[in-house]
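Fold and geometry: a report
One-letter residues, chain by chain:
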Amino acid sequence: MTTLTESAQWQTLESLAQLVEKEHMRDWFASDANRAADMNVEACGLFLDFSKNRVTKDVLKALFDLADARGVAQHRDAMFNGDIINNTEGRAVLHTALRNFSGQPVIVDGEDVMPEVLATLDKIEAFTHSVHSGEHKGYTGKAIKHIVAIGIGGSFLGPKIMTEALKPYQQDAVKVHFVANVDGCHITDVLSAMDHEDTLIVMSSKSFSTQETLQNTLTAKDWFLKQGGTQEDIARHFVAVSSNVKAATEFGIAEENIFPMWDWVGGRYSLWSAIGLPISLCLGFANFKGLLEGAFAMDEHFKTAPNEQNLPVILAMLGIWYRNFFGAQSHVMLPYYHYLRGLPAYVQQLDMESNGKLVTQDGDAIGYETGPIIWGSEGTNGQHSFHQLIHQGHGVIPADFLMPLNVPNQDDTHHAMLASNCFGQAQALMQGKTFADCYADLADKGLDEAERKRLAQHKTMPGNKPSNTILFEKLDPFTLGALVAMYEHKVFVQGVIWQLNSFDQWGVELGKVLGNQVLAGIQGNTEAETFDSSTQNLINRFKQTNAPK
Ligand SMILES: O=P(O)(O)OC[C@H]1O[C@H](O)[C@H](O)[C@@H](O)[C@@H]1O
């Protein structure tokens, strides 16, 4: 295959970018009344308006040609079929099997994984029911009222953010609390508010080797024993989710209390697996299943819709357009819905851990930009802070605006204001405000000519800033599942174009190893010369104020 940047499709896009650079979206809207009608797609409960992008029909065609030429469809099929596409860890990538309701088998190493997947879903359902009904009791006979979910990265963000986003669906039976950071402040705060007799600890770690999760679980175990529980009582109060059943049992979790997952589920794609147990406990199994069903619907859409109608493909190729042809460094996510405020953090891990890569699948150095910085927060709050830079800063920051058309306990005034801000921001980014308009506004203000011009320069907004607007009827489990799967597949498509392995994370792994080495240094188990002088000085300084007591 030709190098990406030398391909005919890439060259076409480069020429088109030069033309588009000279054009303004507001002129396109002015000259084409059908632009919004032509540039939207609706699927799986999601409506995408992508008309406020710096693309013409020619650009879209060229982007889709690039997707075809780079084999997006073939790579997609390889993923769904269970091929070993994570070629640095020798693994299939099959989060889609976790929500496969087609009744079709999914074969890994010659074996259908679906029976195990479905058996684990049954186990999650039965356990959720036994906790909610009070059948599963603590060791003193009290029903479980609080769940402390311990995990980090993909074993935390998915459950935390999905349960937050679906707050209206939370069940009264139990309250779920999350602990991720190894900073003792967090677990201490959470546990100090718990009664150990009605608390269940759900420890989630795919590898069962992550320092933070192991330590937080040890601290929780210690707390449980100090409060009066015994070693035998642990079985009623501790469960684990892991693909490393051996390590989990060695740690002291009873085998029947371990919910399995598999090495073909990546951490950042794992909320659909038993890592989603806290979601089921928080929202009820039916709502957890609703999430999976929405994701399954998006999988089917991704597999079957033509490029022009395919939500993940459209979003991915627009992202490629800005990253590689307009120098966009970042992409901002702007959910206009308080409960969806965690989405930027979720997509941040999904995207940046997947596509923050330097070499191709074959290990060759890459000469073009890959994954962007993902950031953002809930609207309207951001409008009163960082939106300034999106409007008037240098460069281009493509944005995704997301908003439900209905919200729970709807107050019409609040909701109309929320919507008007969301739509108004996207409009302002696209239109900007010309110098002439700003100059005109300053008439009759008693300014001399020079001052009037100077102020008008400051007020001028270039506009031409791209955004997508994604609307949905309401954020129910199905819609959220579809939304998250849409972003998963967007990231996948971009990884294919950039020729990356989107499913490993060696940078993060190095951080884990070095963190453990420094810990050994702090605890006095390592020779001083192991560290560079800066790290050693920091360790020494830490030791001065944290001398062994
Ligand atoms: O589930 P665990 O094995 O404890 O891993 C937790 C997290 O560890 C690392 O930081 C990985 O980069 C994440 O993708 C993963 O989700």
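In this numbering scheme, every chain counts its residues from 1 along its sequence in written order. Local features are withheld for residues below a pLDDT of 70 in this predicted model, meaning they are given only at 70 or higher, and side-chain atom pairs are given and counted only at 80 or more; totals for whole chains, interfaces and linings count all residues. For side-chain calculations, the full set of non-hydrogen atoms in the structure is used, while hydrogens and water are omitted.

Thoughts on helix 9 (residues 211-226)
The α-helix winds at 3.6 residues per turn, so residues separated by three or four positions along the chain end up facing the same way. As a reminder of what qualifies: In this text, helices come from DSSP runs of H or I with a minimum length of four residues, and strands from runs of E with a minimum of two, each type numbered from the N-terminal end. Multiplying 1.5 Å by the helix residue count minus one yields the expected span of that helix. Relative accessibility under 20% of the residue-type maximum defines a buried residue, over 50% an exposed one, and the middle range a partly exposed one, all with a 1.4 Å probe and only protein chains included. When we speak of the arc, we mean the arc of directions from the helix axis to the C-beta atoms.
Compared with the 22 Å implied by 1.5 Å per residue over 16 residues, the 22 Å span of helix 9 between its first and last C-alpha is a close match. By the burial criterion, the buried members of helix 9 are Thr213, Asn216, Thr217, Ala220, Lys221, Trp223 and Phe224. When helix 9 is viewed along its axis, its buried side chains cluster within an angular range of 160° and face the same direction. Residue Gly228 follows helix 9 closely and has a positive phi angle near 125°.

Notes on the sheet that holds strand 8 (residues 238-242)
Put simply, the rule reads: We call two strands paired when DSSP finds no fewer than two bridges between them. Between N-to-C directions, angles cover 0 to 180 degrees, with each direction set by a line fitted to C-alpha atoms, over the stretch in contact for helices. Residue contacts are counted whenever heavy atoms from the two residues lie within 4.5 Å of one another.
Pairing in this open sheet of five strands is parallel, and the strands run 6-5-7-8-9 from one edge to the other. The open sheet terminates on both sides in strands that have one partner only, identified here as strand 6 (175-179) and strand 9 (258-260). In this sheet, adjacent strand axes meet at a mean angle of 20° when their direction is disregarded. This element, helix 8 (residues 184-192), spans strand 5 (146-150), strand 6 and strand 7 (199-204) of the sheet and lies at about 160° to strand 6.

Digging into the layout of surface pockets
Put simply, the rule is: For each structure, a 1 Å grid was placed over the protein atoms alone; sets of points admitting a 1.4 Å probe that cannot get out are labelled cavities, open sets with protein on both sides within 12 Å along at least five of seven lines are labelled pockets, and lining residues have an atom within 4 Å of a point. Grid points are joined across faces, edges and corners, and a volume is the space filled by probe spheres set on the points. Amino acids outside the nonpolar list (Ala, Val, Leu, Ile, Met, Phe, Trp, Tyr, Cys, Pro) and the charged list (Asp, Glu, Lys, Arg) are all regarded as polar, and Gly is one of them. For the purposes of this description, domain bounds are those given by an automatic or database domain assignment.
There is about 750 Å³ of room inside the largest pocket. Going through the elements one at a time, helix 9, helix 15 (343-355) and helix 21 (506-522) are the ones with two or more residues in the lining of the largest pocket. Top element by residues in the lining of the largest pocket is helix 21. It accounts for six residues. Of the residues belonging to the lining of the largest pocket, the class tally is eight nonpolar, 19 polar and nine charged. Mapping the lining of the largest pocket onto the domain boundaries places at least three of its residues in each of domain 2 (102-289) and domain 3 (508-545). Considered as a void within the structure, the second largest pocket measures approximately 420 Å³ in volume. Those elements that provide at least two residues to the lining of the second largest pocket are helix 5 (72-80) and helix 20 (477-497).

A word on the packing of helix 1 (residues 8-21) against helix 4 (residues 57-69)
We count it as follows: Here is the rule for angles: anything less than 35 degrees is roughly parallel, anything more than 145 is roughly antiparallel, 65 through 115 is roughly perpendicular, and the remaining ranges are oblique. Crossings are classed by handedness, with left-handed meaning an anticlockwise turn of the near helix from the far one by less than a right angle and right-handed meaning a clockwise turn.
Where helix 1 contacts helix 4, the two axes come as close as 9 Å, and the packing angle between them is 160°. One way to sum up the angle between helix 1 and helix 4 is to call them roughly antiparallel. By crossing handedness, the relation of helix 1 to helix 4 is classed as left-handed. Between helix 1 and helix 4, the contacting residues are Gln9, Trp10, Thr12, Leu13, Leu16 and Val20 on the first element and Asp58, Val59, Ala62, Leu63, Asp65, Leu66 and Ala69 on the second. Here the residues of the contact of helix 1 with helix 4 sort into nine nonpolar, two polar and two charged.

So, the pairing of strand 13 (residues 467-472)
With six of its six residues buried, strand 13 lies for the most part within the structure. Every second residue of strand 13 is oriented toward a common face, with Ser467, Thr469 and Leu471 on one face and Asn468, Ile470 and Phe472 on the other, all of them buried. Two strands pair when backbone bridges link them, and strand 2 (residues 46-49) and strand 13 are joined in this way by four bridges, in the antiparallel orientation. Counted as the bridge partner of Leu48 is Ile470 from strand 13.

Details of empty space enclosed by the protein
One pass over the full model with this rule turns up four cavities of 30 Å³ or more. If you add up the space inside the largest cavity, you get close to 80 Å³. Lining the largest cavity are Gly319, Tyr322, Arg323, Ala328, Ser330, His331, Pro372, Pro398, Lys490, Gln494 and Trp498. Residue assignment for the lining of the largest cavity shows that the elements contributing at least two residues are helix 14 (311-325), strand 10 (330-335) and helix 20. Sorting elements by how many residues they give to the lining of the largest cavity places helix 14 first, with three residues. Residue composition of the lining of the largest cavity, by class: five nonpolar, four polar and two charged. The computed volume of the second largest cavity comes to approximately 60 Å³. Looking at the lining of the second largest cavity element by element, the count peaks at four residues for helix 6 (residues 114-132).

A short note on the site of the ligand
Applicable threshold: When we say a residue is near a molecule or strand, we mean one of its heavy atoms is within 4 Å of it. Counting of polar contacts relies on pairs of N or O atoms within 3.5 Å, with two restrictions inside protein: one atom must be capable of donating a hydrogen and the other of accepting it, and residues adjacent in sequence are counted only when both atoms are side-chain atoms. Every accessible area reported is derived by Shrake-Rupley at a probe size of 1.4 Å, with residue values counting cover from the shown protein chains alone.
Every one of the 14 residues lining the ligand counts as a neighbour, but Ser155, Ser205, Ser207, Thr210 and Glu353 are closest to it. A distance of 2.5 Å is found between an oxygen atom of the ligand and a side-chain nitrogen or oxygen belonging to Thr210. Take Glu353: an N or O atom from its side chain is 2.3 Å from an oxygen atom of the ligand. Taken by itself the ligand offers 390 Å² of open surface, and the protein chains cover 91% of this. Secondary-structure elements contributing two or more residues to the shell around the ligand are helix 15 and helix 21.

So yeah, pure geometry; function would need other evidence.
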